[in-house]
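Architecture and fold: a report
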Amino acid sequence: MPQLQEQDRAVLHQYMDQLVERSYSMLGYPCARDFDYSELYPTLRYQLNNIGDPWVPSTCALHSREMEQEVVDFFARLFRAPEQNYWGYVTNGGTEGNLYALYLARELYPHAMVYYSAASHYSIQKNLHLLNMESIVIKTDARGEMDYTDLEHTVSQNRHRPAIVLANIGTTMTEARDNVAHIRSILQSLALRSFYIHSDAALAGTYTALLEPHHPFDFADGADSIAISGHKFIGSPLPCGVVVVKKNYKERIGQLVPYIGTLDTTITGSRSGHAPLFLWYAIKKYGIEGFRERALHSLELADYTEQKLQEMGWSAWRFPQSLTVVIEKPSEEIIRKWQLATQGNQSHIICMPGVQREHINALLTDLQRSVQQKRLTAVL
Ligand SMILES: *Cc1c(COP(=O)(O)O)cnc(C)c1O
């Protein structure tokens, strides 16, 4: 068997050491890192491919379809999807889930106008461009929530067209949540003949569903589809996500491909069989209660972070039920060291599961030092 050369092995080991370091200082990106999938490592010996529809068997037998079905069932229940009328699959991430949902909405309403807020994730614009769908950007308030007055006004000017509205359940920068029940009531009050609401819940969907008071964003609140990222709150070594839609819509899409023996109802052809397996494992291990506890623990840390920053005099705020603490932008050095996503004068810290007090305290020490330095230079 060929072996790695010594020098290449050294490169690999150095790379692996770097990962430990970089994982320690990742406070600005919303990826949980407290996961442990070591029990699944033996499955890495196999190429698992869930090509095609999770519910339609394929002639390719190395897969994790049954687990994928359970994952979709779990999220359908969590998001209160109509019991006999949902469908979904494990995607490559939130972007693909949004793309699939928009594709579905376009097949239903080819002449619709799409409305999305200025705080939406960049994947929305790209997806709309790929699908060649017409759209209008809706304003947000200063903290990133959709401006419903602007939505109402804008939709009312296009009342002759079906409306597709994208709601953010946790915007990328501030974790603002749009209110799906409110959006639905606006669309109903304008007496539109047809409309479709998609919740882009990539960031916060999983834990938002577990917290009280309930934030209106799911199927029972008026959503027609919901997409989440699996590698964010749940955590996974592979980027992944889940999209859930109403089944009667989905039946418009997908043709039988004799070659694979299943229905081609997904965006990509070959799909990871490991990603559904990881999600299945996490769901079985934690269950609803375990996920809720994990979310509450992270919320506590976010609260601690916000308070400590305010005590220090560093401008900081966060929404209730939010793991994102928005802060005044620190120095470039600190942004780089702690991998803080930054836009304009704002940066953010995200207390995803796996972030601990120890990490936050180390960042606080760096910030405190920079405050003192600033004072010192001001005196000089
Ligand atoms: C992360 C994110 C996405 C994109 O998800 P990926 O898993 O990175 O493809 C889309 N929308 C929002 C709000 C996000 O936070």
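Residues numbered from 1 in each chain as written. Predicted model: local features only at pLDDT ≥ 70, side-chain atom pairs only at ≥ 80, totals over all residues. Heavy atoms only, no water.

**Regarding the side chain of Thr305**
Mapped onto the fold, Thr305 is located in helix α9 (residues 274-312). Apart from the residues within four sequence positions on either side, Thr305 is in contact with Val325, Ile349, Cys351 and Ile360. (Helix = DSSP H or I, 4+ residues; strand = E, 2+ residues; numbered from the N terminus. Contact = heavy atoms within 4.5 Å.)

**Some remarks on a nonpolar patch on the surface**
Where nonpolar side chains cluster on the molecular surface, the patch consists of Leu4, Leu12, Tyr15, Met16 and Leu19 and spans about 430 Å² of accessible area. With respect to the helices, strands and loops of the structure, Leu19 is situated in helix α1 (residues 6-24). Classification of Leu19 by relative accessible area gives partly exposed; the value is 38%. (Patch = residues over 30% accessible without salt bridge, like charges linked within 9 Å, V, L, I, M, F, W, Y side chains within 5 Å. Areas by Shrake-Rupley, 256 points an atom, 1.4 Å probe, with all protein chains shown as cover. Salt bridge = Lys/Arg side-chain N within 4 Å of Asp/Glu carboxyl O. Buried < 20%, exposed > 50% of the residue type's maximum accessible area, 1.4 Å probe, protein only.)

**Structural notes on helix α5 (residues 148-156)**
Buried within α5 we find Tyr148, Asp150, Leu151, Thr154 and Val155. The buried residues of α5 occupy an angular sector of 155° when projected down its axis, which confines them to one face. (Arc of directions from axis to C-beta.)

**Description of unusual backbone geometry**
Residue Glu212 is joined to Pro213 through a cis peptide bond whose omega torsion reads -5°. Mapping Pro213 onto the fold places it in the loop between α7 (205-208) and β6 (225-229). Residue Ala191 is not a glycine yet carries a positive backbone phi of 55°. Residue position: Ala191 is located in the loop between α6 (180-189) and β5 (195-200). Exposure remark for Ala191: the relative accessible area of 55% places this residue in the exposed category. Even without glycine at this site, Gln321 takes up a positive phi of about 65°. When you line up the elements, Gln321 lands in the loop between β10 (316-317) and β11 (324-328).

**As for the site of the ligand**
The ligand sits among 14 residues. The nearest are Gly94, Thr95, Asp200, Ser229 and Lys232. Gly94 is positioned with one of its backbone polar atoms (N or O) 2.8 Å from an oxygen atom of the ligand. In this structure, Lys232 approaches the ligand through a side-chain N or O atom, which is 2.8 Å from an oxygen atom. Considering each element in turn, the shell around the ligand owes the most residues, three residues, to helix α3 (residues 94-108). Class assignment of the residues belonging to the shell around the ligand gives a composition of two nonpolar, 10 polar and two charged. (Near = heavy atom within 4 Å. Polar contact = N/O pair within 3.5 Å; in protein donor to acceptor, adjacent residues only side chain to side chain. Nonpolar A, V, L, I, M, F, W, Y, C, P; charged D, E, K, R; others polar.)

**Focus on the domain arrangement of the chain**
Per the domain assignment, the segments of the chain are domain 1 (6-33 + 296-379) and domain 2 (39-284). Counting residues at the interface gives 21 residues for domain 1, matched by 18 residues for domain 2. Three residues, Trp317, Phe319 and Gln321, lead the burial of domain 1 against domain 2; their summed loss comes to 37% of the area buried on that side. Scanning the region where domain 1 abuts domain 2 turns up zero salt bridges. (Domains from an automatic or database assignment. Buried area = accessible area lost by both parts, 1.4 Å probe.)

**Quick word on the pairing of strand β13 (residues 346-350)**
Most of β13 sits out of view: four of its five residues are buried. Inspection of the sheet shows β11 paired to β13 by five bridges, in the antiparallel sense. Its bridge partner being in β13, Ile327 is matched across the sheet by Ser347. The pairing of strand β12 (residues 342-343) with β13 spans two bridges and is classified as antiparallel. Looking at the pairing, Gln343 lines up with Gln346 of β13. The hairpin turn running from β12 into β13, its antiparallel successor, is two residues long, and Gly344 in that turn takes a positive phi close to 60°. (Pairing = 2+ DSSP bridges.)

**What to know about the packing of α9 against helix α11 (residues 357-379)**
Look at α9 against α11: their axes get within 11 Å of each other, and the N-to-C directions meet at 15°. In this view, α9 runs roughly parallel relative to α11, as classed from their interaxial angle. The chirality of how α9 crosses α11 is right-handed. Residues Leu301, Tyr304, Thr305, Lys308, Leu309 and Met312 of α9 pack against Arg357, Ile360, Asn361, Leu364, Leu367 and Gln368 of α11. Split by residue class, the contact of α9 with α11 holds seven nonpolar, three polar and two charged. (Axes fitted to C-alpha atoms, helices over the stretch in contact; angles between N-to-C directions. Parallel < 35°, antiparallel > 145°, perpendicular 65-115°, else oblique. Left-handed = near helix turned anticlockwise from the far one by under 90°.)

**Thoughts on the nonpolar core**
By size, the foremost hydrophobic cluster in this structure holds 61 residues, and its most contacted members are Phe75, Leu151, Ile183, Leu187 and Tyr207. The biggest single contributor to this core is α9, with 10 residues. Structurally, this core is a two-domain feature, drawing no fewer than three residues from each of domain 1 (6-33 + 296-379) and domain 2 (39-284). In this view, Leu151 contacts Tyr115, Ile138, Met146, Val165, Ile183 and Ile186; residues no more than four positions away in its chain are not counted. (Core = buried A, V, L, I, M, F, W, Y, C linked by side-chain atoms within 4.5 Å.)

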